[in-house]
Amino acid sequence: MSDEAEREVPEGAAVFPEIPEELGVDPLLLAVLHATVFLEGSEESIVNPAAAREAMGYLSGYLQRLSGARLQKAREDFTCLAAFARDQDWPKVQVRFLKEFLENYGVGGEV
């Protein structure tokens with residue numbers, strides 16, 4: 001995200017750091033991750049809470065459909081993301097969010 005775009009983000013909007021392409025994490029998973037952070041973490045003045053809950057219900061329901069190789073890849077991606085976050089000295093709350101993401105949304109155990 002450019003400096004200009006960062007300045008345009010209103011206060012109270014939850015935005016997750018950019019994830020480098022070199023990590024090889026599934027782009028669709030990253031899209032869901034960023035949408036989740038925005039919907040769950042943004043203040044009420046930015047995102048209507050009822051609408052966010054409804055959207056998150058759908059997102060988590062779709063994630064719960066993951067199985068087999070796709071679920072294994074998602075687990076590997078979140079393990080990679082958590083390691084990257086630790087290496088980059090992200091706040092512990094963000095590392096924990098990544099480690100517990102799948103479990104928190106009913107997809108599976110901690111990665």
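Residues numbered from 1 in each chain as written. Predicted model: local features only at pLDDT ≥ 70, side-chain atom pairs only at ≥ 80, totals over all residues. Heavy atoms only, no water.

Draft legend 1. Up close: the side chain of aspartate 77. Along the polypeptide, aspartate 77 turns up in helix α4 (residues 68-87). Of the residues examined, aspartate 77 reaches a relative accessible area of 4% and is grouped as buried. (Helix = DSSP H or I, 4+ residues; strand = E, 2+ residues; numbered from the N terminus. Buried < 20%, exposed > 50% of the residue type's maximum accessible area, 1.4 Å probe, protein only.)

Draft legend 2. Focus on the environment of lysine 92. Examined against the element boundaries, lysine 92 turns out to sit in helix α5 (residues 92-104). With a relative accessible area of 70%, lysine 92 lands in the exposed category. Remark: the alpha-carbon pair of lysine 92 and glutamate 103, spanning eleven residues in sequence, is separated by 17 Å.

Draft legend 3. Main features of the packing of aromatic side chains. What the rule picks out here adds up to seven aromatic pairs. Ring plane angle 25° and centroid distance 6.4 Å describe the contact between tyrosine 58 and tyrosine 62, whose orientation is recorded as stacked. Taken together, the residues tyrosine 58 and tyrosine 62, both in helix α3 (residues 49-63) and four residues apart, mark about one turn of the helix. We classify tyrosine 62 as partly exposed; its relative accessible area is 46%. On the basis of an interplanar angle of 85° and a centroid distance of 5.7 Å, the ring pair of phenylalanine 84 and tryptophan 90 is categorised as edge-to-face. (Phe/Tyr/Trp six-rings, centres within 6.5 Å; stacked < 30°, edge-to-face > 60°.)

Draft legend 4. Highlighting the packing of α4 against α5. Following both chains from N to C, one finds α4 and α5 inclined at 170°, their axes separated by 8 Å at the closest point. Our classification of the angle between α4 and α5 gives roughly antiparallel. When α4 is examined against α5, the residues Ala74, Arg75, Phe78, Leu81, Ala82, Ala85 and Arg86 are found in contact with a partner set consisting of Val95, Leu98, Lys99, Phe101 and Leu102. Grouping the amino acids of the contact of α4 with α5 by side-chain chemistry returns nine nonpolar, no polar and three charged. (Axes fitted to C-alpha atoms, helices over the stretch in contact; angles between N-to-C directions. Parallel < 35°, antiparallel > 145°, perpendicular 65-115°, else oblique. Contact = heavy atoms within 4.5 Å. Nonpolar A, V, L, I, M, F, W, Y, C, P; charged D, E, K, R; others polar.)

Draft legend 5. A look at α3. Compared with an ideal rise of 1.5 Å per residue, which puts 15 residues at 21 Å, α3 spans 21 Å between its outermost C-alpha atoms and is within 8% of the ideal. Here α3 has its buried residues at Ala52, Met56, Ser60 and Leu63. Down the axis of α3, the buried side of the element spans an arc of 65°, and every buried residue falls inside it. The inward-facing, buried residues of α3 abut α2 (27-41) and α5. Among the residues of α3, the N-terminal cap falls to asparagine 48, whose side-chain oxygen and the backbone nitrogen of alanine 50 are separated by 3.0 Å. (Expected span 1.5 Å × (residues − 1). Arc of directions from axis to C-beta. Polar contact = N/O pair within 3.5 Å; in protein donor to acceptor, adjacent residues only side chain to side chain.)

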